[in-house]
Amino acid sequence: MPYVTADDGAEIFYTDWGAEGTPVLLSHGWPLNSDAWAAAARFLAEHGHRAIAHDRRGHGRSSRTWNGNEMDTYADDLACLVDHLDLTDLTLVGHSTGGGEIVHYLGRHGSARVAKLVLVSAVPPLMLRTEDNPEGLPIDVFDGIRAGEASDRAQLYRDLADGPFFGNNRNNDVSQGTRDAFWLQSMACGHRAAYECIAAFSATDFRDDLAKVDVPTLVIHGDDDQVVPFEVGGKRSAEMVDGATLLVYEDGAHGLPDTERDRLHADLLAFIDS
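Residues numbered from 1 in each chain as written. Predicted model: local features only at pLDDT ≥ 70, side-chain atom pairs only at ≥ 80, totals over all residues. Heavy atoms only, no water.

- As annotated in an unreviewed UniProt entry, the protein carries the name Alpha/beta hydrolase and is attributed to Agromyces binzhouensis.
- On record in UniProt, under Sequence similarities (unreviewed entry), the comment for the protein is "Belongs to the AB hydrolase superfamily. Bacterial non-heme haloperoxidase / perhydrolase family." (UniProt positions renumbered as here; feature names shortened; annotations may be inferred.)

### So, the packing of aromatic side chains
At step 1: Considering all chains together, one arrives at seven aromatic pairs under this definition.
At step 2: Judged by centre distance (4.6 Å) and plane angle (50°), the rings of Phe 165 and Phe 182 are tilted. Here the residue Phe 165 occupies a position in the loop between helix 4 (139-162) and helix 5 (176-187), and Phe 182 occupies one in helix 5, the gap between them amounting to 17 residues. Per residue, the accessibility class of Phe 165 equals that of Phe 182, and both read buried.
At step 3: Aromatic ring contacts, followed pair by pair, group Trp 30, Phe 142, Tyr 157 and Phe 201 into a single cluster. (Phe/Tyr/Trp six-rings, centres within 6.5 Å; stacked < 30°, edge-to-face > 60°. Helix = DSSP H or I, 4+ residues; strand = E, 2+ residues; numbered from the N terminus. Buried < 20%, exposed > 50% of the residue type's maximum accessible area, 1.4 Å probe, protein only.)

### Observations regarding the environment of Asp 76
At step 1: Position of Asp 76 relative to the elements: it lies in helix 2 (residues 71-84).
At step 2: Expressed as a C-alpha distance, the spacing of Asp 76 and His 254, which sit 178 residues apart in the sequence, is 26 Å.

### Observations regarding the nonpolar core
At step 1: Core analysis: the largest hydrophobic core is formed by 59 residues, its most contacted members being Leu 25, Trp 30 and Tyr 105.
At step 2: Where this core is concerned, the elements lending two or more residues are strand 2 (11-17), helix 2, strand 5 (90-95), helix 3 (97-109), strand 6 (114-120), helix 4 and helix 6 (191-203).
At step 3: In terms of residues, this core owes the most to one element, helix 2, which gives seven residues.
At step 4: With sequence-adjacent residues up to four places away left out, Leu 25 is seen in contact with Ile 52, His 54, Leu 78, Leu 81, Val 82, Leu 87, Leu 90, Thr 91, Leu 92 and Val 93.
At step 5: Counting 21 residues, the second-largest nonpolar core is a separate cluster that includes Leu 26, Ala 53, Val 93 and Leu 269. (Core = buried A, V, L, I, M, F, W, Y, C linked by side-chain atoms within 4.5 Å. Contact = heavy atoms within 4.5 Å.)

### Things to note about the packing of helix 4 against helix 6
When two helices pack together, their arrangement is given by the angle between their axes and by how far apart the axes lie.
At step 1: Helix 6 packs onto helix 4 with a crossing angle of 150° between their chain directions and a minimal axis gap of 10 Å. Remark: the crossing between helix 4 and helix 6 carries right-handed chirality. Packed against helix 4, whose contacting residues are Phe 142, Ile 145, Arg 146, Glu 149, Ala 150, Arg 153 and Tyr 157, the element helix 6 presents His 191, Ala 194, Tyr 195, Ile 198, Ala 199, Phe 201 and Ser 202 at the interface.
At step 2: Here the residues of the contact of helix 4 with helix 6 are counted per class, giving nine nonpolar, two polar and three charged. (Axes fitted to C-alpha atoms, helices over the stretch in contact; angles between N-to-C directions. Left-handed = near helix turned anticlockwise from the far one by under 90°. Nonpolar A, V, L, I, M, F, W, Y, C, P; charged D, E, K, R; others polar.)

### Quick look at the sheet that holds strand 1 (residues 3-5)
At step 1: Strand order in the open sheet formed by eight strands is 1-2-4-3-5-6-7-8, with mixed pairing between adjacent strands. Sheet topology places strand 1 and strand 8 (245-249) at the edges, where each strand pairs with a single neighbour. Neighbour to neighbour, the strand axes of the sheet diverge by 20° on average, direction disregarded.
At step 2: Bridge analysis of strand 3 (residues 22-27) against strand 4 (residues 49-54) gives five bridges, and the strand direction is parallel. Bridging across to strand 4, Pro 23 finds its partner in Arg 50. (Pairing = 2+ DSSP bridges.)

Laid out in structure tokens, this is it:
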């Protein structure tokens, strides 16, 4: 299995399919891994693109490091992968926490290798409510997730899969297999990595990163996202990136790569090929 070695020696697992085409790098959400993007990677590779997806450190098959479970290191790990594969004319696609990772990559490393950006149900600009971010969510929300991670992470992931992540508690009838896949991927995430990543996705301020985005950007968000509410995430990110295109999925939940798979694949391909 292919790995790239990060600056601190951590091993970052990745897949690389359809190596002849224009590259697309897919970054996953918390606490999942690159398998969350497997269907999209196959679709893009079958339609002429080179699809790369990695397991963030601490997640899936990558090293479970004690330190580095924060956005600066995530972005630098991504830079190691992009440089290792010598990717250019690259489209970065990030779901949820992965959206924060790719935006922070642009903020720290620039867009010299990047052609386009896609944010799907993504956490930027800032999820946590603060004095200068009154539209955010109260810290009690994230403290509750931390408490679940600390006390019974297996049940926390089951509750997320059966409820708000896929909107299974609303109008979506999500298969047991899809919910089980979420649970299995989540349990493959290291306990410390999963716990610390809650702060990384909720309290990292991506507003300065969004201000540096200088490539065509597509923002896709469901208007019934119970994890990253549309008004907190996609709507504001689209407003902050000059010239961004916003696609709102009516009644869309957080887990769009599964609940709106065919539509999302078509929208990704259309934007990448445009």
